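Results of the structural survey
Single-letter residue listing:
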Amino acid sequence: MRLTTKGRYAVTAMLDLALHAQRGPVSLADISERQGISLSYLEQLFAKLRRGNLVVSVRGPGGGYQLSRDMAVIHVAQVIDAVNESVDATRCQGQGDCHSGDVCLTHHLWCDLSQQIHEFLSGISLADLVERREVQEVAQRQDERRCSGRAPRLDKIEASAID
């Protein structure tokens, strides 16, 4: 099973946005600093999240991004889908050409697993994650580091890696 960096970072960024939503619009620079994700990578992810109607941008001083609706109705699977990512357990990316151009013996098993994972992620909202004690503890630690000037080093991910 494979979920790429794009899907993982999109979920991480959306969770960061949800955790800081009560303060108003959140800048991508702030998310970048807290999560160690390059700003250019976040810009491309958020363009996709905006097109997927999961976030809205707010222009001007104090601007940034906000969730487009309540975090209780935004699910992890929607975030992954919005950045054109899939959770796929097959070797053939679901094409059915895994065994010399034909369906392999276990193709349907892996397709079923992929569907189960998607359904599992469809049942977890951003609000569910925000309510978790361990998520709150990590977010608090990140905020404290940021205030003390000990933010994590940014990843060296190229923005061109989005597509």
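Structure first, text after, so check above.
Below: a short report on this structure. (Residues numbered from 1 in each chain as written. Predicted model: local features only at pLDDT ≥ 70, side-chain atom pairs only at ≥ 80, totals over all residues. Heavy atoms only, no water.)

Taken together, the buried positions of helix H2 (residues 28-35) are occupied by Leu28, Ile31, Ser32 and Arg34. Buried residues along H2 sit against helix H1 (5-19), helix H3 (39-51), strand S2 (64-67) and helix H7 (133-148). One or two residues past the end of H2 sits Gly36, with phi positive at roughly 70°. (Buried < 20%, exposed > 50% of the residue type's maximum accessible area, 1.4 Å probe, protein only. Helix = DSSP H or I, 4+ residues; strand = E, 2+ residues; numbered from the N terminus. Contact = heavy atoms within 4.5 Å.)

Within the largest apolar cluster, 39 residues are counted, with the highest numbers of intra-cluster contacts made by Met14, Leu17, Phe46, Leu49 and Val79. Take this core: its biggest share by element is nine residues, from H1. Discounting residues that sit within four places of it in the chain, Met14 has contacts with Leu49, Leu54, Val55, Leu67, Ile74, Val79 and Leu126. (Core = buried A, V, L, I, M, F, W, Y, C linked by side-chain atoms within 4.5 Å.)

So, about the pairing of strand S1 (residues 55-58). Regular strands show a simple pattern: their side chains alternate between the two faces of the sheet. Where S1 lies against S2, four bridges are found, and the strand directions are antiparallel. Its bridge partner lying in S2, Ser57 is registered against Tyr65. Turn length for the S1-S2 hairpin, with the two strands adjacent in sequence and antiparallel, is five residues, and the turn residue Gly60 shows positive phi of about 95°. (Pairing = 2+ DSSP bridges.)

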